[in-house]
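Residue-level listing of the chains:
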Amino acid sequence: MAMATLMISISPSSSSSSSSFSSPLATQSLSAPSSSRPPANLPLRTIPGTHGWPLVGPISDRLDYFWFQGQDTFFRSRMEKHKSTVFRTNVPPTFPFFLQVNPNVIAIVDCKSFTHLFDMELVEKKDVLVGDFMPSVKFTGNTRVCAYLDTSESKHAQLKNFALDILKRGSKVWVTELLGNLDKFFDTIESEISKNGSSSYLSHLQKFIFNFLTKSLIGADPAVDSDIANSGPFTLDLWLGLQLLPTAPIRVIQPLEEIFLHSYTYPFALVSGGYQKLYNFIEQHGKEVVQRGEEEYGLSKSDAIHNLIFVLGFNAYGGFSIFLPTLLSTIASDKTGLQARLREEVKKISGSTSTRLSFDSLKDMELVNSVVYETLRLNPPVALQYARARKDFQLTSHDSVFNIKKGELLCGYQPLAMRDGKVFDEPESFKPERFVGNGKELLSYLFWSNGPQTGSPSESNKQCAAKDYVTQSASLIVAHMFLRYDSISVDSGKFTAVEKAK
């Protein structure tokens, strides 16, 4: 449970016989905002900021980042100081035990500049998932999984298409598994509220996430292995936490955090036993998916399994574990009558039963979808997105042009870019209806998935393969919740009350 809390602090194809089986991959593909040749009327400007003296500059920035300022103030204060949304700085991890890591980056904190991070002609993504620092490959079976591969590497196409295929096939059971496990989650919450007056829901939420994802992605039921059913979520929390600790603000007592959490890496040995159990479980109970990876995508069995663990644990489980608590607390904390408006929309479109809920039925739930998008805008599960310049090029912000040299590392801080006042009206405010009606045009500037929400994941880009599954799953959860309840109350990680639907 402690590791889960740590992790959260880190920052349509054709329908089958039932409409519930329609895949989100059928979403229309639109282009990202262009990052091509800069307008001739913008001035060429030298990138402001500095990396400072060797060792001293990176250490000073690290302490600001983790301790004295915190992540958001770190980027915001430098943007204001340099009067620029593009500037030089350093990001962790740094000295003393990360001598092979170069902390120097060019920070990007506006929507216009951010689009360059998705242009695979300009940038590459080799081994920069979390910056210049890369966790030991021991955490992924001594193999570089898809997330660390650039699109120019031949294996990237194999693995990305394998991931897309897993999702397409999983869509046949996705809705059923999500809603069935979601009901079990809410049953537990109700029981604990009845007994204790409240329910600390994170561990129950993560069990729901783990069970429905394992059934949908791997085609295996954790219930057939009691050890996996009981320890799977904790193993993934620990596995994620150990990899990300050097880069993650934990917000515990300083200077202990700097001394013990951000100064060195933790060994894979601490989670190797649990990881091997997950590997063995998938090997035994996910044979059909693994075999498809071997026969249809030319992968070795071990590569297929290690990439499945990464997709399940890092991309899916990890992302949902961060995003869903934020979504629940955002809806519960609203004081403008949002819950009543959501309930009205859901019941108008679905009636009073969740059996009519499907990916297709969500298309008419504009408010539900908009709330999900707005939550992702203000609280993207992954705060930082990185890319390395593939060649010299000119980067364009709203007001300037900057020369970028081949090999320089770009660091996009998404929470600030998603508050770009030149794109979003009242950017610091949560506006539930922002993406309703004509507001859908703003989806081309919603970048949480390593690409625009209007984009389409493919082997030629690094956009999250499950982009549409994430948003539509979240919308299904919200819709089902307001068919089951008239209102919910959430406070400090606890459900304190649920009012059954009348």
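Scroll up a little and you will see the structure.
As the structure is a prediction and not an experimental result, all values here were calculated from the model.

A. Up close: the pairing of strand E7 (residues 401–404). Here strand E6 (residues 393–396) pairs with E7 via 4 bridges, running antiparallel. Along E7, the bridge assignment pairs Gln 394 with Asn 403.

B. Local environment of the pairing of strand E10 (residues 494–500). Here 2 bridges tie strand E4 (residues 199–200) to E10, and the two strands are oriented antiparallel to one another. Bridging from a neighbouring strand, Ser 200 pairs with Lys 494 of E10. In the sheet, strand E9 (residues 485–491) pairs with E10 via 6 bridges, with the strands oriented antiparallel. By the bridge assignment, Asp 491 is partnered in E10 with Lys 494. Connecting E9 to the antiparallel partner E10 that follows it, the hairpin turn spans 2 residues, and Ser 492 within it adopts a positive phi of roughly 50°.

C. How the structure looks around the packing of helix H9 (residues 272–285) against helix H11 (residues 301–333). Two numbers describe how H9 lies on H11: the axes approach to 10 Å, and their chain directions differ by 115°. H9 and H11 meet at a crossing whose hand is right-handed. Contact residues: Tyr 275, Leu 278, Tyr 279, Ile 282 and Glu 283 in H9; Lys 301, Ser 302, Ile 305, His 306, Leu 308 and Ile 309 in H11. Split into classes, the residues belonging to the contact of H9 with H11 amount to 7 nonpolar, 2 polar and 2 charged.

D. Looking closely at the environment of Lys 406. Note on placement: Lys 406 falls in the loop between E7 and strand E8 (409–413). Assessed through its relative accessible area of 63%, Lys 406 is described here as exposed.

Basis of the calculations
Each chain carries its own residue numbering, running from 1 in the direction its sequence is written. For a predicted model such as this one, the threshold for reporting local features is a pLDDT of at least 70, and the threshold for listing and counting side-chain atom pairs is 80 or more; totals across whole chains, interfaces and linings nevertheless cover every residue. For the side-chain quantities, the full set of heavy atoms in the structure was used; hydrogens and water were omitted. If DSSP finds at least two bridges between two strands, the strands pair. Secondary structure is summarised from DSSP: a helix means a run of H or I of at least four residues, a strand means a run of E of at least two, and numbering begins at the N terminus for each. The angle between two axes is taken between their N-to-C directions and runs from 0 to 180 degrees, where each axis is a line fitted to C-alpha atoms and a helix contributes only its stretch in contact. Here is the rule for handedness: rotate from the far helix to the near one, and if that takes an anticlockwise turn smaller than a right angle the crossing is left-handed, while a clockwise turn gives right-handed. Any pair of residues with heavy atoms lying within 4.5 Å of one another is described as a contacting pair. Ten residue types, Ala, Val, Leu, Ile, Met, Phe, Trp, Tyr, Cys and Pro, are classed as nonpolar, four, Asp, Glu, Lys and Arg, as charged, and the remainder, Gly among them, as polar. Burial status follows relative accessibility: with a 1.4 Å probe on protein chains alone, a residue under 20% of its type maximum counts as buried, one over 50% as exposed, and anything between as partly exposed.

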